[in-house]
Amino acid sequence: MRKQIVAGNWKMNNDLAASKKLAKQVAKKLKKDKVKNTKVIIAPTFVSLASAVKATKKSRVKVAAQNMHFEESGAFTGEISAKMLKSVGVKTVILGHSERREYFAETDALLAKKVDAALANKMNIIFCFGEVLADRKSGNQETVVENQIKNALFHLKADAFKNIVLAYEPVWAIGTGETASPEQAQDMHAFIRKTMADKYGADVANSTSILYGGSCKPTNAKEIFSKPDVDGGLIGGAALNADDFLAIVNAF
Ligand code: PEP
């Protein structure tokens, strides 16, 4: 049985006070929640991680970082390591988000190093990938996605996938209001699962959660989550409002 997961990527939003408030709201609302088995994750900015961990301590909300460096320490100005994340109680990290790839030149090779570092530190990873609009228009989306997964993850042993969640995020749907249709999401998720099965076998493929991300909202989450290979969502904009986020958590 695969885990159902809804994760909120807060991106570069919310200062310390606003993060604490939103984390508390999510934790409080979740306590009244009827859906007990969906894993709920929030990813505030680095400066708010410790406070969010504290604010959600008595709830089942987990806190993730939005990025990390692959080295443990040293002369890497502005960077944060896995050990530092763990020192504030954060055991999950989002890697490979399209904004990191686009604005911070993160390549598959760099991401492979980050993945290795996170796993070496026994962290859980939400690994993001997805095609840009030009790839979709030219029908190249499967090749692009397959290469992103292979290049950053396929050096790993099967066991590593116990700690990895995949997140398919078509770049053309992120923050644009344009959502992949439930059928487009399902087709790609099925392709991703097949790619995993071809390399690691059916057991690994069938037990790896694959999230959809890209303008997921309370109004479309139910239909997207109803697809057999969609195991939840990575939510950007709609995760900044506790009611919207919880509505998505409850969309299963
Ligand atoms: C994201 O950034 O991971 C994302 C899915 O954003 P949005 O929901 O705003 O499209």
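About the thresholds
Residues numbered from 1 in each chain as written. Predicted model: local features only at pLDDT ≥ 70, side-chain atom pairs only at ≥ 80, totals over all residues. Helix = DSSP H or I, 4+ residues; strand = E, 2+ residues; numbered from the N terminus. Rg over C-alpha atoms; globule rule 2.2 N^0.38 Å. Contact = placed C-beta atoms within 7 Å. Near = placed C-beta within 6 Å. Nonpolar A, V, L, I, M, F, W, Y, C, P; charged D, E, K, R; others polar. UniProt positions renumbered as here; feature names shortened; annotations may be inferred. Buried ≥ 20, exposed ≤ 12 C-beta atoms within 10 Å, placed from the backbone. Core = buried A, V, L, I, M, F, W, Y, C linked by C-beta atoms within 7 Å. Pairing = 2+ DSSP bridges. Expected span 1.5 Å × (residues − 1). Arc of directions from axis to C-beta. Axes fitted to C-alpha atoms, helices over the stretch in contact; angles between N-to-C directions.

### Focus: the overall build of the protein chain
Consideration 1: Secondary structure summary: the protein chain contains 11 helices and eight strands in total.
Consideration 2: Relative to a compact globule of 252 residues, whose C-alpha radius of gyration would be 18 Å, the protein chain shows 17 Å and is just as compact.
Consideration 3: Based on the C-alpha atoms only, the size of the protein chain along its principal axes is roughly 45 × 45 × 35 Å.
Consideration 4: Partitioning the intrachain contacts of the protein chain with sequence separation of at least 6 by distance along the chain shows that 72% fall at a separation of at least 24.

### Focus on the site of the ligand
Consideration 1: In the vicinity of the ligand there are 13 residues, among which Ile174, Gly175, Gly213, Gly236 and Gly237 approach most closely.
Consideration 2: For the shell around the ligand, the per-class residue count stands at five nonpolar, seven polar and one charged.

### Here we look at the UniProt feature "binding site: substrate" (unreviewed entry) in the protein chain
Consideration 1: Summarizing the sequence annotation, UniProt attributes the feature "binding site: substrate" (unreviewed entry) to Asn9, Trp10, Lys11, Gly175, Ser215, Gly236 and Gly237 in the numbering used throughout. In summary, the annotated positions, though distributed over 229 residues, converge in three dimensions, the widest C-alpha pair being only 13.9 Å.
Consideration 2: Tracing the chain through its elements places Asn9 in strand S1 (residues 5–9).
Consideration 3: A tally of 26 C-beta atoms within 10 Å means that Asn9 is categorised as buried.
Consideration 4: Topologically, Trp10 is positioned in the loop between S1 and helix H1 (16–31).
Consideration 5: In this structure Trp10 comes out as buried when scored by C-beta crowding, with 23 C-beta atoms within 10 Å.

### What about unusual backbone geometry?
Consideration 1: Residues other than glycine seldom take positive phi values, yet Ala105 does so here, at roughly 55°.
Consideration 2: Non-glycine residue Ser215 carries a positive phi angle of around 55°.
Consideration 3: In this structure, Ser215 sits in the loop between strand S7 (210–213) and helix H10 (221–225).
Consideration 4: Ser215 sits in the buried class, given 20 other C-beta atoms within 10 Å.

### A short note on the UniProt feature "active site" (unreviewed entry) in the protein chain
Consideration 1: Taken from the UniProt record, the annotation "active site" (unreviewed entry) applies to His97 and Glu169. A compact arrangement is adopted by the annotated residues: their sequence extent is 73 residues, whereas the largest C-alpha distance between any two is 8.3 Å.
Consideration 2: Within the secondary structure, His97 sits in the loop between strand S4 (92–95) and helix H4 (98–103).
Consideration 3: According to the C-beta neighbour criterion, His97 is buried, with 27 such atoms within 10 Å.
Consideration 4: In contact with His97, not counting residues within four places along its chain, are Gln66 and Cys128.
Consideration 5: With respect to the element layout, Glu169 can be found in the loop between strand S6 (164–168) and helix H8 (182–200).
Consideration 6: With 26 C-beta atoms packed within 10 Å, Glu169 lands in the buried category.
Consideration 7: The contact partners of Glu169, leaving out residues within four places of it in the chain, are Ser98, Cys128, Gly130, Ile174, Gly213, Gly214 and Leu234.

### A few points about the nonpolar core
Consideration 1: In this structure, Ala7, Val26, Ala64, Val93, Ile126 and Phe127 are the most contacted members of the largest nonpolar core, which totals 75 residues.
Consideration 2: Not counting residues within four places of it along the chain, the set of residues in contact with Val26 comprises Ile42, Val61, Ala242, Phe245 and Leu246.

### Things to note about the pairing of S6
Consideration 1: Of all the five residues making up S6, four are buried; the element is thus mostly covered by neighbouring parts of the structure.
Consideration 2: As judged from the five bridges shared by strand S5 (residues 124–129) and S6, these two strands associate in the parallel manner. Each bridged residue has a counterpart across the sheet, and for Ile125 the counterpart in S6 is Ile164.
Consideration 3: Bridging between S6 and S7 involves three bridges; their strand directions are parallel. In the sheet register, Tyr168 faces S7, and the bridge partner there is Tyr212.

### Section: H1
Consideration 1: Its 16 residues give H1 an end-to-end C-alpha distance of 23 Å, which sits within 8% of 22 Å, the value for a rise of 1.5 Å per residue.
Consideration 2: Along H1, the residues that are buried comprise Ser19, Leu22, Ala23, Val26, Ala27 and Leu30. Looking down the long axis of H1, one finds its buried residues gathered within 130° of arc, a one-sided arrangement. Structural note: H1 exposes Ala17 and Lys31 on the side pointing more than 90 degrees away from its buried face.
Consideration 3: Residues of H1 that are buried in the fold lie against strand S2 (39–43), helix H2 (49–55), strand S3 (61–65) and helix H11 (242–249).

### Thoughts on the sheet that holds S5
Consideration 1: What the eight strands build is a closed barrel, ordered S1-S2-S3-S4-S5-S6-S7-S8; its pairing is parallel. Between one strand axis and the next, the sheet turns by 25° as a mean value, whatever way the strands run.
Consideration 2: Pairing of S7 with strand S8 (residues 232–235) involves two bridges; the strand directions are parallel. Residue pairing for S8: Gly213 is matched across the bridge by Leu234.

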